[in-house]
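In case you want the letters, here they are:
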Amino acid sequence: MAEMTFFHYFPRDSLIHRMDARLKLLCMILLSVAATLAGTVTEFAFLTFVLGGAICLARLPVVALLKDMRLFALLILLLVAANAFFVPGRPLPYLSIPGVSQEGLVMGLRFAWRLLLILMVCMVMTGATSLLTFKNVVEWYLRPVPLVPAARVATMMNLTFVLFPVIFDTYAEMRAAQKARCIETRKNIIKRVMFTVAPLLSQTLRKADEIAYAMEARCYTEERTRAVFRTKAQDWVLTAVCLVICLAVALR
Amino acid sequence: MSKQSAVAPMNLRMTVYSALFTTLIIIGGVNIPIGPVPIVLADFFVMLAGLFLGPKWGLASVLLWLFLGVLGLPVFAGFKAGLAVLMGPTAGFLPGYVLMVLAVGLLAGIGKPSWARNTLALIVGNILLYPPGILWLKMLLHLNWPTVLAAYLLPFLPGTVIKIVVAVALGQTLLPRFKQAVSEASWQPANDNDEDEQ
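Per chain, residue numbering runs from 1 following the sequence as it is written. Think of it this way: whatever chain is written first is A, whatever ligand is written first is 1, and the rest follow in order. Thresholds applied to this predicted model are a pLDDT of at least 70 for local features of residues and 80 or more for the giving and counting of side-chain atom pairs; totals over whole chains, interfaces and linings are not thresholded and use all residues. Only hydrogens and water are removed before side-chain values are computed, so all heavy atoms of the structure are retained for them.

Caption draft 1: Local environment of the nonpolar core. Counting residues in each nonpolar core, the largest one holds 126 residues, and the members touching the most others are Leu-25 and Leu-201 of chain A together with Leu-48, Phe-52, Trp-65, Tyr-97 and Leu-170 of chain B. Here this core gets 17 residues from one element, more than from any other, and that element is helix 2 (residues 42-71) of chain B. Start and end points for every domain follow an automatic or database-based domain assignment. No fewer than three residues from each of domain 1 (15-130 + 230-250) and domain 2 (150-217) of chain A sit in this core. We call two residues contacting when some pair of their heavy atoms lies within 4.5 Å. Dropping the residues within four chain positions of it, Leu-170 of chain B is found in contact with Met-194, Val-197, Ala-198 and Leu-201 of chain A together with Phe-44, Leu-48, Phe-52 and Leu-175 of chain B. Remark: nonpolar core denotes a set of buried residues (Ala, Val, Leu, Ile, Met, Phe, Trp, Tyr, Cys) joined through side-chain atoms within 4.5 Å. Working definition: with a 1.4 Å probe on protein chains only, accessible area under 20% of the residue-type maximum means buried, over 50% means exposed, and in between means partly exposed. Helix numbering and strand numbering both begin at the N terminus, where a helix is a DSSP run of H or I of at least 4 residues and a strand a DSSP run of E of at least 2.

What follows is the structure, encoded as structure tokens:
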């Protein structure tokens, strides 16, 4: 998990890295809405082009990202296959595979492309914004909202990101240990789920505890110096472009 | 000042735990979507969040999950994200999750903990989860009652029963130690600490 470059931050000096993170977050929301609403091939292709451009503009390591995409390739293939087989409809026009429907295949491909677009949006955002900046931005947006402890929500969000690899690593470790003890040959589904979730929960809770102690030891407090943001003209231009893209897709 | 420092660590720990459950809910949502409503483990971890963290922190954990989704991160079932999900076919289940975690947290938290109480809390929670989701689906897809129930309730029931059984069993094995850990020292699993000490 740790060797994955997928949602890592890449320190660079690019237009997107320098962009005001508040507007960057806004752009991310707009583009992900556009990706979810897109329906036609033209829209999908256009958004892919825009996001591909953004990845190049942010000078992210394209080859490394594509290599990591292989992990998702299997998932995407499964997704397309599942839809093709389970959605009822007419058979394929040229080569007829029993069970595969035209509507299902189209739906599966659309689903997969949308997933790719959303992953690309996240790649640009996480690749060009450090986790700390992201946290500060969220805090900035939440501060005027009443009844919401902005600093705590932002911290919890960061903790969520930090805990992802922890949980995956724990799971892999635990699976290996169980394989060695032949637990996976059990047939009883409840026992199997139990043997998976109970140790996973117990181990991750202990790791969460370690994180809490580490934070305590470093005098974590919610009253910190507030981050300062600066907006430049080009940031507004980029935001306007994203807004236009989103509206164009939404109001087609 | 001394009062503050006595309260803060406990809050801090609950903050981390709560974030942990959010992560588990997100990971539980990863699967292959078939049809409009995918089968997920997310609801299982929402149940556990209510059971383990109680109503307040359980709610925080679920709301954080929804918030991350609104920001556009692919955290909902099948990597969906963004405001559009709040309009999509599964949108009705999202307020259902909030109701469920509240109900489970409140009911399991009153009085002396027992497996019967936990079971009851989880059943009530699941009863609250489905109506908003199914009503929304019915309205959005313009289906009649038998179709909606046959397609979106019945296939999930066996899974839900298994999830409740496992959640109750986990409540029996892990919950007492968890409660103790939260109230005093750190999390000490019964006998998997050996390798650390040697």
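Resuming the write-up.
Caption draft 2: Region of the structure containing helix 8 (residues 189-217) of chain A. To estimate how far a helix should reach, multiply one less than its number of residues by 1.5 Å. Across its 29 residues, helix 8 of chain A extends 42 Å between first and last C-alpha, which sits within 8% of the 42 Å expected from 1.5 Å per residue. In the segment just after helix 8 of chain A, Cys-219 of chain A is the residue with positive phi, at about 55°.

Caption draft 3: Region of interest: the side chain of Glu-139 of chain A. Residues and elements named next belong to chain A. Take Glu-139: it is sitting in helix 6 (residues 131-142). Look at Glu-139 and you get buried, because its relative accessible area is 14%. Excluding its chain neighbours within four sequence positions, the residues that come into contact with Glu-139 are Ala-150, Ala-151 and Ala-154.

Caption draft 4: Representation of the pattern of salt bridges in the model. Residues and elements named next belong to chain A. By definition, a salt bridge exists where a carboxyl oxygen of Asp or Glu is found within 4 Å of a side-chain nitrogen of Lys or Arg. Counting across every chain of the model gives five salt bridges over all chains. Note that Asp-13 and Arg-18 form a salt bridge whose closest N and O atoms lie 2.9 Å from each other. A relative accessible area of 40% means that Arg-18 is categorised as partly exposed. A salt bridge links Asp-20 to Arg-22, with the shortest nitrogen-to-oxygen separation between them at 2.8 Å. Looking at Asp-20, the relative accessible area reads 3%, which means it is buried.

Geometric values such as these leave the question of function open.
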